[in-house]
Amino acid sequence: MRMSDDLAGNARSFQVDLRGLVDLLSHHLYSSPRVYLRELLQNAVDAVTARLAVDPAAPTDIRITVEENGLRIDDPGIGLTEADVHRFLATIGRSSKRDDLEGARQEFLGQFGIGLLACFTVAERIQVLTRSARDPDAPGVEWSATSDGTYTVRTLPPDERAALVGTPGTTVRLLARPGARRWFAPDLVADLARDFGALLPYAVTVTGGGRTVRTTDSPPVWDRPYRSAAERRAALLAYGERVLGFAALDVVELDVELAGVRGAAYILPNAGNPAAGGRHRVYLKGMLLGDAVTGLLPDWAFFARCVIDTDTLRPTASREGLYEDETLAAVREALGARLRDWLTGLAAQEPGRLAAFLSVHALGVKSLARHDSELFEIMLPYLRFETTHGEVTLAEFARKHPVVRVTSSVEEFRQVAGIAAAQGLGVVNGGYTYDGELVAALPGVLPGVTVEELDADAVTAALDPVDAREELAMAAFLTAARAALDPLECDVILRAFYPASVSALHLDSRAARSERARAETAAESDELWAEILGALKSSAPRAQLVLNHRSPVVRRLATIRDHTLLVTAVEALYGQALLMTHRPLRPMDTSLLNRAFDQLLGWAAASVSDAPEGEGR
Ligand SMILES: Nc1ncnc2c1ncn2[C@@H]1O[C@H](COP(=O)(O)OP(=O)(O)OP(=O)(O)O)[C@@H](O)[C@H]1O
């Protein structure tokens, strides 16, 4: 016996446990049983589309009727022959909407062949009564399936066929499962039909609770005629507020024909969260895919939420997200380009609207500008940065300072900005998200501008040295100060700078900070580590306390003869300068500050209480 004979002889078909499968769908694929209505609507719409292809004059109205214990949905669509019923309804995973060559067919919503099963999440029985439009002599057929996985097929006798399905088309009837009846409440059914199917191309009505409502609202707002651009804009904004629940700052139309996308992007009225990712309302051929669909816009466009209808993108099997493929990547790019064009258009024509937008969403634009120098250039007159001249644009700043100095952190900026400005240096705070990167890219878009990283050394270099004789006069004071601050790894130097009201500056280069971090770790670690870290000890510059020779306070302190008081005064200056840097204090700095102020208070108190006695003597 040959191998293949053996295989052929033992070949068996899979058995499917329907309960297990329905459980899988309802708990792991679909987010809620509410999708049952979407699947029914989708099948009805596809059936109508298929019939229109063979009979363009065929009716198209789809009717949902809430019944005593469930509902029915009637469509005048293509219907099924008995052979179709066996082929498509009774075989899970088989669909008439795919063909072998193309896969999912463009004109239909369905493709997977599992949609009908979703109905078992709310129904214990599904009955399909159908008559094919392809064959006028075809009898009506009834397919009736229960959630335990059994079904019956019956050809309808002519009289029953006439009563049930007079014309070609299909009626699907669901019998509610115990415990799932709430999914068939008339108001809920109408809400679901509206939510999923408002943009469907054929009229859908829901009858129940004594009334009939139309749940479709097509054509979509962006495909309707308007008398003016202002009227169109107002209609789009009102629609956005209704479906997204917020009044948008602005609206950008997304008519990207090549990508098969129609719709609008709504600009959030508040700053968006870059990490949260966009959540968009996406319709596929008029059927809602979801209202929190991600991946539709590039990451930088976190300031917009879209409502779109598309016929090019593919759904995931749950039909609740977009399948990530090349088409989606291309659509994302096209929509990003559209938003970018809108931004540059605003810059050229409506700077007022652009300013309003940027006051909320500058971060998104900065993020985009990092990778798009053309846009960066266009936005230069609008994007603001924190600088030693306040919040200004880089274009404005560079006019005053063709050498742009930039700090790499917010705290460095705080440390040096005031002093640098007083010495005539222009500094930009490069510590905020994206700002440093953009400043670094500035020479590329503003010819003649150079950018320099600014750190403590550059500031020290810009401060005036003090005349040697004057420095000598303060030698005793400086020696005492150096001795006091040496244990804190801080050098003391004397310079003259403005403003004179600043007595001392604490300057700390990045190298000094990392050296200090190394030393602290070495002190805390075990022997082996301490040794390794010790070997790394560098001769990096230490932090510096720069005393200001122009400060009257410093000059007065230099005349103190009492050594203890002098040390306390130096420690207080050091502490004050450290506080000005806004940097977290080390424990040893905090205790030094406390000690210095305690002692100063002690001195002050003693001098007040001593005074009268002294006078009395
Ligand atoms: N109202 C209907 N009229 C005509 N044929 C229908 C109708 N409902 C279902 N069918 C047939 O049953 C098949 C299976 O339907 P089902 O909803 O399970 O899957 P699908 O629509 O093909 O794909 P998907 O899983 O993506 O929804 C369909 O391909 C179609 O041939």
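Remember, predicted model here, so these are calculated numbers, not experimental data.

Rules behind the numbers
- Residues numbered from 1 in each chain as written.
- Predicted model: local features only at pLDDT ≥ 70, side-chain atom pairs only at ≥ 80, totals over all residues.
- Buried ≥ 20, exposed ≤ 12 C-beta atoms within 10 Å, placed from the backbone.
- Helix = DSSP H or I, 4+ residues; strand = E, 2+ residues; numbered from the N terminus.
- Pairing = 2+ DSSP bridges.
- Axes fitted to C-alpha atoms, helices over the stretch in contact; angles between N-to-C directions.
- Contact = placed C-beta atoms within 7 Å.
- Domains from an automatic or database assignment.
- Nonpolar A, V, L, I, M, F, W, Y, C, P; charged D, E, K, R; others polar.
- Parallel < 35°, antiparallel > 145°, perpendicular 65-115°, else oblique.
- Left-handed = near helix turned anticlockwise from the far one by under 90°.
- Near = placed C-beta within 6 Å.

*Asks:* Explain the pairing of strand S16 (residues 384-387) to me, please; I cannot follow it from the model alone.
*Replies:* Both faces of the sheet carry side chains from a regular strand, because those side chains alternate between them. The alternating pattern of S16 places Phe385 and Thr387 on a buried face, while none of Arg384 and Glu386, on the opposite face, is buried. Bridge analysis of S16 against strand S17 (residues 390-393) gives four bridges, and the strand direction is antiparallel. Considered in S17, the bridge of Arg384 is made with Thr393. Hairpin geometry of S16 and S17 is characterised by an intervening segment of two residues between the two adjacent antiparallel strands.

*Asks:* Can you walk me through the sheet that holds strand S9 (residues 204-208) in this structure?
*Replies:* Pairing is mixed across the open sheet formed by eight strands, whose spatial order is S7-S6-S5-S8-S2-S1-S9-S10. The open sheet is flanked by strand S7 (151-155) and strand S10 (211-214), the only strands paired with a single partner. Ignoring which end each strand starts from, the neighbouring axes of this sheet average 15° apart. Taken together, the six bridges between strand S5 (residues 123-131) and strand S6 (residues 141-146) define a ladder with antiparallel strand orientation. Across the sheet, the residue bridging to Val128 is Trp143, located in S6. Set on the sheet, helix H3 (residues 35-54) makes contact with strand S1 (62-67), strand S2 (70-75), strand S8 (169-176) and S9; between it and S2 the angle comes to about 15°.

*Asks:* Can you help me understand the domain arrangement of the protein chain in this one?
*Replies:* Much of the literature gives interface size as the accessible area that the parts lose upon coming together. Each assigned domain of the protein chain is listed with its residue range as follows: domain 1 (18-214), domain 2 (221-354) and domain 3 (465-508 + 540-610). Domain 1 and domain 2 are separated by 31 Å when their C-alpha centres are compared. Between domain 1 and domain 2, the residue contacts involve 13 residues of the former and ten residues of the latter. Elements with a contribution of two residues or more to the side of domain 1 that touches domain 2: H3 and helix H6 (186-197). A per-element tally of the side of domain 1 that touches domain 2 places H6 first, with three residues. Considering only residue class, the side of domain 1 that touches domain 2 consists of eight nonpolar, three polar and two charged.

*Asks:* Got a minute to help me understand the packing of H3 against H6 in this structure?
*Replies:* When two helices pack together, you describe them by how their axes are tilted relative to each other and by the distance separating the axes. Here H3 crosses H6 at 60°, and the two axes come no closer than 9 Å. As far as their axial angle goes, H6 and H3 are oblique. When you trace H3 past H6, the crossing you get is right-handed. Across the interface between the two elements, Leu37, Arg38 and Leu41 from H3 touch Val189, Leu192, Ala193, Phe196 and Gly197 from H6. A breakdown of the residues in the contact of H3 with H6 according to their chemical character gives six nonpolar, one polar and one charged.

*Asks:* Quick question: what am I supposed to make of the site of the ligand here?
*Replies:* As a structural note, the neighbourhood of the ligand is formed by 24 residues, with Asn43, Ser95, Ser96, Gly110 and Gly115 the closest of them. Looking at which element gives the most residues to the shell around the ligand, the answer is H3, with five residues. Classifying every residue of the shell around the ligand by side-chain character gives ten nonpolar, eleven polar and three charged.

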